[in-house]
Amino acid sequence: MSELESQVGRPSVPGPRTQKDVFLSVRDLRIHFDTDDGLVRSVDGISFDLRRGRTLGIVGESGSGKSVTSLGIMGLHRSQRARITGEVWLDNDELIGSSEDFVRRQRGRRMAMIFQDPLSALHPYYTVGAQITEAYRVHHPVAKKVAKARAVDMLDRVGIPEPAKRYSSYPHEFSGGMRQRAMIAMALVNNPELLIADEPTTALDVTVQAQILDLIRDLQKEFGSAVIVITHDLGVVAEIADDLLVMYAGRCVERGTAEQVFAAPQHPYTWGLLGSMPRIDREQTERLIPVRGTPPSLINVPDGCPFHPRCPYADVPEDNVTRTVRPELREVGTGHFTACHLPQEERTRIWTEEVEPKL
Amino acid sequence: MSDLTKSPDPVEPLLKVDGLVKHFPIKKGVLQRTVGAVQAVDGISFDVRPGETLGVVGESGCGKSTMGRLITRLLEPTGGRVEFEGKDITHLSVGQMRPLRKDVQMIFQDPYSSLNPRHTIGTIVGAPFRLQRVTPEGGVKKSVQELLSLVGLNPEHYNRYPHEFSGGQRQRIGIARALALKPRLVVADEPVSALDVSIQAQVVNLLDDLQDELGLTYVIIAHDLSVIRHVSDRIAVMYLGKIVELSDRQPLYETPMHPYTKALLSAVPVPDPKRRAARTSRILLRGDVPSPISPPSGCRFHTRCWKATTVCKTTEPPLLELAPAHRVACHHPENAQDQQPTDTERLAGAPTQDEVVRTSE
Ligand SMILES: Nc1ncnc2c1ncn2[C@@H]1O[C@H](COP(=O)(O)OP(=O)(O)OP(=O)(O)O)[C@@H](O)[C@H]1O
Ligand SMILES: Nc1ncnc2c1ncn2[C@@H]1O[C@H](COP(=O)(O)OP(=O)(O)O)[C@@H](O)[C@H]1O
Ligand code: SF4
Ligand code: SF4
Ligand SMILES: [Mg+2]
Ligand SMILES: [Mg+2]
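If you're wondering where the values come from, they're calculated on a predicted model, not measured in any experiment. (Residues numbered from 1 in each chain as written. Chains lettered and ligands numbered in written order. Predicted model: local features only at pLDDT ≥ 70, side-chain atom pairs only at ≥ 80, totals over all residues. Heavy atoms only, no water.)

A. Structural context of the site of ligand 1. Residue and element names in this part refer to chain A. Taken together, 14 residues are adjacent to ligand 1, and Ser-42, Gly-63, Lys-66, Ser-67 and Val-68 come closest. Between ligand 1 and Ser-42, the relevant distance is 2.6 Å, taken from an oxygen atom to a side-chain nitrogen or oxygen of the residue. A distance of 3.2 Å is found between an oxygen atom of ligand 1 and a backbone nitrogen or oxygen belonging to Gly-65. Here ligand 1, which alone exposes 640 Å², has 61% of that area covered by the protein. For the shell around ligand 1, the secondary structure elements donating two or more residues are β2 (22–35), β3 (38–51) and α2 (66–73). (Near = heavy atom within 4 Å. Polar contact = N/O pair within 3.5 Å; in protein donor to acceptor, adjacent residues only side chain to side chain. Areas by Shrake-Rupley, 256 points an atom, 1.4 Å probe, with all protein chains shown as cover. Helix = DSSP H or I, 4+ residues; strand = E, 2+ residues; numbered from the N terminus.)

B. Focus on the site of ligand 4. Near ligand 4, the surroundings consist of 13 residues, among which Cys-299, Cys-305, Cys-312, Cys-330 and His-331 of chain B are the closest. For the shell around ligand 4, the class distribution of residues is eight nonpolar, four polar and one charged. (Nonpolar A, V, L, I, M, F, W, Y, C, P; charged D, E, K, R; others polar.)

C. Inspection of the nonpolar core at higher detail. Judged by nonpolar contacts, the single largest core of 66 residues is most densely connected at Leu-24, Phe-48, Ile-73, Leu-194 and Ile-228 of chain A. For this core, the element with the highest residue contribution is β2 of chain A, accounting for six residues. Those residues in contact with Ile-73 of chain A that lie beyond four places of it in its chain are Leu-24, Val-26, Phe-48, Val-88, Leu-95, Met-111, Leu-194, Ile-196 and Ile-228 of chain A. Counting residues in each nonpolar core, the second largest holds 37 residues, with Leu-288 of chain A together with Ile-173, Ala-178 and Val-186 of chain B among its members. (Core = buried A, V, L, I, M, F, W, Y, C linked by side-chain atoms within 4.5 Å. Buried < 20%, exposed > 50% of the residue type's maximum accessible area, 1.4 Å probe, protein only. Contact = heavy atoms within 4.5 Å.)

D. The sheet that holds strand β4 (residues 79–84) of chain B, seen in detail. The sheet built from four strands is open, its strands ordered β2-β1-β4-β5 (chain B) with antiparallel pairing. Looking at strand neighbours, the two that pair on one side only are β2 (33–48) and β5 (87–88) of chain B, the edges of this open sheet. (Pairing = 2+ DSSP bridges.)

E. View of the packing of helix α3 (residues 121–131) of chain B against helix α4 (residues 140–150) of chain B. Residues and elements named next belong to chain B. As a packed pair, α3 and α4 sit with axes 9 Å apart at the nearest point and diverge in direction by 110°. Accordingly, the angle class assigned to the pair α3 and α4 is roughly perpendicular. For the pair α3 and α4, the contacting residues are Ile-121, Gly-122, Val-125, Gly-126 and Phe-129 in the first and Val-140, Ser-143, Val-144, Leu-147 and Leu-148 in the second. Its residues placed into classes, the contact of α3 with α4 shows seven nonpolar, three polar and no charged. (Axes fitted to C-alpha atoms, helices over the stretch in contact; angles between N-to-C directions. Parallel < 35°, antiparallel > 145°, perpendicular 65-115°, else oblique.)

F. Main features of the packing of helix α6 (residues 144–157) of chain A against helix α8 (residues 176–188) of chain A. All names here are of chain A. Running from N to C, α6 and α8 point in directions that differ by 130°, and their axes come no closer than 9 Å. The angle between α6 and α8 places the two elements in the oblique class. Once α6 is placed against α8, the crossing between them reads as right-handed. Seen from α6, the contacting residues are Arg-150, Met-154 and Leu-155; seen from α8, they are Ala-182, Ala-185 and Leu-188. Along the lines of polarity and charge, the residues of the contact of α6 with α8 split into five nonpolar, no polar and one charged. (Left-handed = near helix turned anticlockwise from the far one by under 90°.)

G. Structural context of the interface of chain B and chain A. Taken together, the contacts link 40 residues of chain B with 47 residues of chain A. For the pair chain B and chain A, the summed buried surface comes to about 4,000 Å²; carbon and sulfur atoms form 52% of the total. The closest approach of N and O atoms between Arg-282 of chain B and Glu-239 of chain A, which form a salt bridge, is 3.4 Å. One can count 17 residue pairs in polar contact (both at pLDDT 80 or more) joining chain B with chain A. Taken together, the elements giving at least two residues each to the side of chain B that touches chain A come down to α6 (197–214), α7 (225–231), α8 (249–254), α9 (259–267) and α10 (273–278) of chain B. Looking at the side of chain B that touches chain A element by element, the count peaks at nine residues for α6 of chain B. (Buried area = accessible area lost by both parts, 1.4 Å probe. Salt bridge = Lys/Arg side-chain N within 4 Å of Asp/Glu carboxyl O.)

H. Structural context of the sheet that holds β2 of chain A. Residue and element names in this part refer to chain A. The strand order β3-β2-β5-β6 describes an open sheet built from four strands, whose pairing is antiparallel. The open sheet is flanked by β3 and β6 (93–94), the only strands paired with a single partner. Bridge analysis of β2 against strand β5 (residues 82–90) gives eight bridges, and the strand direction is antiparallel. Bridging across to β5, Arg-30 finds its partner in Thr-85.

In C-alpha cells, the structure reads:
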C-alpha cells in the first residue's frame, strides 16, 4: 500500500534520463512562434521516453501541436520566429543544443520522418527511384549501382509491384497508397533507429491504411527501430502503438501504455475523444457523446487547465483551482500519467459510473 | 396487373433511382476528340424511403460524390432514370428543376471552400430564399436567425464572415443553408470527414436531431464505416461505379455478403488494443482500385477477389435479394447460398486466400 502511495500523485519532473535502454528522450520541450497576432504556444512542455522496438502513439485534434512536436524532434523548425527550449536526446546526443550541421547528419540516417502528404516529401521532377538512391548516397559513400540496387530492394520491401520497373516512375504516376509506400521506402533506406510517421494514413482509404500500418509494423519488427505514430484516429493508435500520449493545446494531458489509456483513461479530454467516436466493435449507441465547444487558440490558452472551458467536471475540484492553477502531469498508476486536478477517487468514480457505461 | 394482386408496398419511395449512369468523356488533342470515358457511375438502382437515412460507402473514386450530384441533379445523367416523389426528374433543365430545388438539397464535404468568403453568414444562409424568390413569414433575417439557432449557432453572428468560424461551425452554416427551404431530401457528401473527432460527433448528433424534428430524409455519403453504421438505416456499398451490396444496417455489419464489404469491414481500425492480440485474421486487399476508365470485365472486383472463379471474369453478377432486405451482386457470396456452385475453377491470377487473409502473429 505504501509503495502504491509513493507512486500515486508523484509529479513527473523532467530530469536526467534514468532508463538506459531509452533511445529517444524528450524533456520539457517547448516550441513557440512569434507571430503578428502574438506568441503561439504550439508545444508547451512535452516530455517522454521511447525505447528501441517500441511504438509511441501521439493523439490529439487538429492544431494540438502534434506536427510541431515531431518537426521539433527532427530539427526542422528553421524559422527565425521559432523559439525552442528543452532537450531532445537521441541516444547520447542532445539535439536542441547541437549545431544545425550535426542535426542534419542525424536526419535521414539515425532518424527519419514520413509525412501525411507524400507529395511534399517527394520531388515532382525526379523519379521515385532516383530520390531513394540519393537519400542513401547522402549518408553512404557507395557506387551509384550499389545505391540503386538498395533502392530497388527497398521498393520491393514496401510492396511496390515490379520494383525494378517502377524505379523510373515519377511520383505523379503513383497512386496515393503507392506514393506513401515510396516515401516509407525513402525514410527507411538508411535503417533509421527512430522513425516518426505524422498522420501516415489520414488521406488514405481504410484498405490502404491497413496495408500501410501492417508495413510499418513489419519493418519495425525487422529493424527494431523506435517509432512515433502521430494521428487523430484512436483506432489507428490502438492498432499500432505500445504507448500513448494524448495532446491538448500543446501539452500532454495523459500518457501511459495503450492498454492503460484505453482500459482506464484518466483525463476528461480522453473520455471525450472516446465518447465522440462511433465504434464498429460495440453495440450501436443511440447518441455520440461529443466534447462541447471547440479547441482553444494557442495564442490565448485558457488559464489553469487549458481544457476547463470544455470540461464537464471543471467545477468538481475545489476552490476554482481548475481555472487558476495549471495541473501538472502526475503519475496515477505505474507509468500512467495525467494532468488533471480531479481527486483520484472522484476520477475513478466518474469514469466507472458515469462515463464508461455510456461508451 | 391490378392493385389488388400486387403485393402492397407499405411506403412509396421518396426517391427512385433506376439504372443510373454517368460517364465523363475524356477528350484529347486540338480537335478535342473523345477517346474514352471515366465510368464514374455505371448503372445503379436504389430507392430512398421517406424519413430514412441511406448511407453510401466505398473507396475514394468509386463514384459516391458523382452519384450524389446526379440525384440532386447538379449533374446531367448519361443514362438511367431518377424519380422524385413519382416525378421523372432525370433530364429536367435548371429552370424546370427550380421548383424542386427547395425539396432536394445538398451539403458538401469541405466546410472551407463551400462558403463564399466575401459573403456574410446572413447572406449565405438567406441565399436560397432569394434564389427561390420566396419571402418567409417574418422576413428573411428572422428566418435566417431561426435557422442559425436551429443548428446551434449564435443568431447574433448574422453579420460575420465564414473565416471567423471554425470548421465545425462552418459545416453548421452549410447545414443551415441546406435547411432554409425545408427540404424533403438532404444529400450530404462527407459531411463530417473534414472535422475533428469531437466536432464530428457534434455534427452527427445535430443531423440526427434535425431528422427527428423536421422529418428529413437523408442520403449520407462517407468513407468511414463507423460513422456510416452510426447514422444509417440502410447502406449501399459501392465499388467502381456499381452498387455491390445494399442492405439494412445490421445484416450488412453482422453478415456481409459481398467479399468486398467483408474486406472493407475487416480493415476498419478498432480503438481497443486488446483486440489487436485477439484478432485472428484480417483481410488485406492488395493493390489499388483499378481505373474507372477501363474497369475489369464481369465482376469489377475480380482482380482483387480471393473467391473469383471463371464466371466472375466473364459475367457481371446481378444485384439480387438473397436474404430479406439484403441485396448483393456476387456469384459466390459470403453468408448466403452460392449463386454459381458449379463454377469452381479458380480464376488464374486471382489472389489466393493466403495472400489476402493475413493472420496476425
Ligand atoms: N511556423 C509556424 N508559425 C506560427 N504558428 C505555427 C507554425 N507552425 C504551426 N503553428 C501553429 O501551431 C499550432 C499547432 O500546429 P500543428 O501543425 O502541430 O498541429 P497538429 O496537431 O499537427 O494539427 P493538424 O492535425 O491539423 O496537422 C497551430 O495553432 C498552428 O497554427
Ligand atoms: N468532371 C469530371 N471529369 C472527369 N472525371 C471525373 C469528373 N468528376 C469525377 N470524375 C471521376 O469520376 C470518378 C468518381 O469520382 P467521385 O464520384 O468524385 O468519387 P468519390 O466521391 O467516391 O471519391 C473518379 O475516377 C473521378 O476522377
Ligand atoms: S483539471 Fe479540471 S477542467 Fe481540467 S480536465 Fe481536470 S477536471 Fe477538467
Ligand atoms: S462475383 Fe466473383 S469476383 Fe466478384 S465478388 Fe463475387 S466471388 Fe468475387
Ligand atoms: Mg499535423
Ligand atoms: Mg467524394
